[in-house]
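Topology and contacts: notes
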Protein chains: 2
Amino acid sequence: MEIQKAPSKMYLDIVHELRDIIKNEGIKTGGKLPSERVLAERLQVGRSTVREALRSLELLGLIETKRGEGTFLADFQKHQFVEVLADFIMQQPESVDDVNETRRIHEISAIKAISRNSSLRTLPVWESLLAKIEHNGEILREDLIREMIIATENRLSLKIWFLLKQYSMVRFDAMTHGVENSLVKDMLQAVRSGNEIAALAAYKKWIDVVERERREKSNDSRHF
Amino acid sequence: MEIQKAPSKMYLDIVHELRDIIKNEGIKTGGKLPSERVLAERLQVGRSTVREALRSLELLGLIETKRGEGTFLADFQKHQFVEVLADFIMQQPESVDDVNETRRIHEISAIKAISRNSSLRTLPVWESLLAKIEHNGEILREDLIREMIIATENRLSLKIWFLLKQYSMVRFDAMTHGVENSLVKDMLQAVRSGNEIAALAAYKKWIDVVERERREKSNDSRHF
DNA sequence: AAGACAGTGGTGGTCTGACCACCAAAAAAT
DNA sequence: ATTTTTTGGTGGTCAGACCACCACTGTCTT
């Protein structure tokens with residue numbers, strides 16, 4: 001028997017002990033953690049307590065569990081916690097504008113970063129994107145933006161942007177349409193030549209077009 | 001009996017259902033959630049499953065539990081997860097740069113938004129901040145930035161920034177120090193007069209100072 | 001009547017043991 | 001050698017029990 005007392009948040013202690021275990025055993029990213037039953041035995045607590053700690057860490061994106069296999073140290077770059085936060089934060093409908101605005105913050109930042117950095121703006125990916133426009137005639141808005149944020153190599157920013165984008169898509173299923181070639185080309189060219197001002201101007205025009213379309217669409221079929 | 005199947009991450013579904021409950025019942029900050037046993041009955045799952053979801057949300061700082069009383073919607077302050085994250089991420093130092101970079105994206109965006117908007121840059125709060133600098137002689141970096149992001153009225157950006165800020169604070173406990181008056185004043189004045197370029201320049205100088213201090217600090221006491 | 005006290009019901013915290021679904025590797029059958 | 005079956009281990013879930021704690025209530029003392 002011997003039910004453990006709970007002076008304060010036992011599962012939090014487990015979290016810390018897990019950190020120590022990971023550290024001492026030298027478990028690397030993708031490595032396997034001891035099983036829940038082993039941990040319970042080793043830390044002298046019930047399996048459910050161990051699980052509460054593990055689930056918390058999983059929601060934070062620090063570990064990954066696979067049924068039938070085990071628990072693994074996750075690639076920290078996943079930042080899964082952002083999703084849950086977003087879920088809770090976005091309960092208020094008035095925050096839709098905030099979502100779009102925040103998404104643009106990240107988009108603009110990427111455009112600026114690339115325009116200013118000569119090694120970024122000469123990346124071959126821009127050439128191939130331009131070529132694709134010439135061939136197919138159109139390109140998806142988010143594909144282009146995504147490539148840009150990827151180029152900045154800020155994976156957290158990319159993650160946040162991706163989530164905000166998804167949320168926008170659910171709210172109003174626009175955004176997946178193609179865009180005017182001229183605007184895209186203007187922007188890409190400006191970015192490539194390091195003309196930050198022109199790139200941002202083209203971006204703003206682009207946004208305006210999207211916004212106008214969205215408004216018209218929501219007028220056509222207003223569900224509210 | 002009738003043990004539930006687990007197509008995928010049952011406790012994650014609970015997290016979502018909890019969000020709906022909070023939404024539909026109109027539970028406000030500090031409000032009380034249904035008890036674990038009631039939730040289990042209502043959602044037709046075991047109590048332990050409910051608890052796994054609750055513990056996850058607690059680590060994220062979204063709810064607060066008091067033994068003998070109940071579970072409450074937290075007033076977003078605790079955010080215990082930040083320390084846990086920092087603890088774990090020490091081993092993957094490259095993601096720290098992403099966090100700092102992303103935080104700056106939001107800070108710069110706020111500075112620009114305020115500089116460009118005449119009704120924002122003439123807010124009385126800037127006057128009182130300047131006055132406070134004259135009196136006390138110093139001001140906390142994050143207080144100023146926070147006021148700026150608040151002024152933009154983008155609550156999502158504020159939320160994200162707040163989280164990233166805490167994250168940085170745990171990682172290297174600098175950042176809470178006061179800053180040079182001249183730089184702060186330069187920036188505030190530039191913002192007030194709508195001089196975006198100057199404001200950003202002052203901001204950049206500021207960042208450089210902080211960065212240099214941080215580097216020196218980590219050189220003084222290198223634990224590695 | 002006012003305050004101190006013990007009881008009571010509800011809540012979170014934990015443990016146990018059981019069963020299910022799943023997976024990978026070993027063992028058996030072909 | 002290849003395919004199939006078995007088996008052991010793993011996470012996922014459940015039910016019921018007990019503990020520690022807290023707010024409330026009704027009683028008892030003064």
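Below, the structure is looked at part by part. (Residues numbered from 1 in each chain as written. Chains lettered and ligands numbered in written order. Predicted model: local features only at pLDDT ≥ 70, side-chain atom pairs only at ≥ 80, totals over all residues. Heavy atoms only, no water.)

This part is about the overall build of chain A. For chain A, the count of helices and strands is 11 helices and two strands. In chain A, the succession of helices and strands from N to C terminus is α-α-α-β-β-α-α-α-α-α-α-α-α. Going through the 224 residues of chain A one by one, you find that 47% of them count as buried. Long-range contacts, defined as pairs at least 24 residues apart, comprise 64% of the intrachain contacts of chain A with a sequence gap of at least 6. (Helix = DSSP H or I, 4+ residues; strand = E, 2+ residues; numbered from the N terminus. Buried < 20%, exposed > 50% of the residue type's maximum accessible area, 1.4 Å probe, protein only. Contact = heavy atoms within 4.5 Å.)

Residues and elements named next belong to chain B. Residues Gly70 and Phe72 point to one face of strand E2 (residues 70–73) and Thr71 and Leu73 to the other, with burial holding for every one of them. Bridge analysis of strand E1 (residues 63–66) against E2 gives four bridges, and the strand direction is antiparallel. Within E2, the residue paired with Thr65 across the bridge is Thr71. (Pairing = 2+ DSSP bridges.)

Another point: the nonpolar core. Counting 45 residues, the largest nonpolar core has Ile14, Leu18 and Leu33 of chain A together with Leu18 of chain B as its most contacted members. Listing elements by their share of this core, those giving two or more residues are helix H1 (10–25), helix H2 (36–43) and helix H3 (47–59) of chain A together with helix H1 (10–24), helix H2 (36–43) and helix H3 (47–59) of chain B. Broken down by element, the residue count for this core peaks at eight residues, all from H1 of chain A. Grouped together as the second largest cluster of nonpolar side chains are 29 residues, Ile133, Trp161, Leu183 and Leu188 of chain B included. (Core = buried A, V, L, I, M, F, W, Y, C linked by side-chain atoms within 4.5 Å.)

On to the side chain of Ser157 of chain A. As for its placement among the helices and strands, Ser157 of chain A is situated in helix H9 (residues 155–171). Classification of Ser157 of chain A by relative accessible area gives buried; the value is 2%.

A few words on unusual backbone geometry. All names here are of chain B. You will see that Gln44, though not glycine, has its phi angle at about 60°, which is positive. Locating Gln44 in the fold gives a position in the loop between H2 and H3. In this structure Gln44 comes out as exposed when scored by relative accessible area, which is 51%. Despite not being glycine, Glu153 shows a phi value in the positive range, around 65°. Following the sequence through the fold, Glu153 ends up in the loop between helix H8 (141–152) and helix H9 (155–171). Judged by relative accessible area, which is 64%, Glu153 ranks as exposed.

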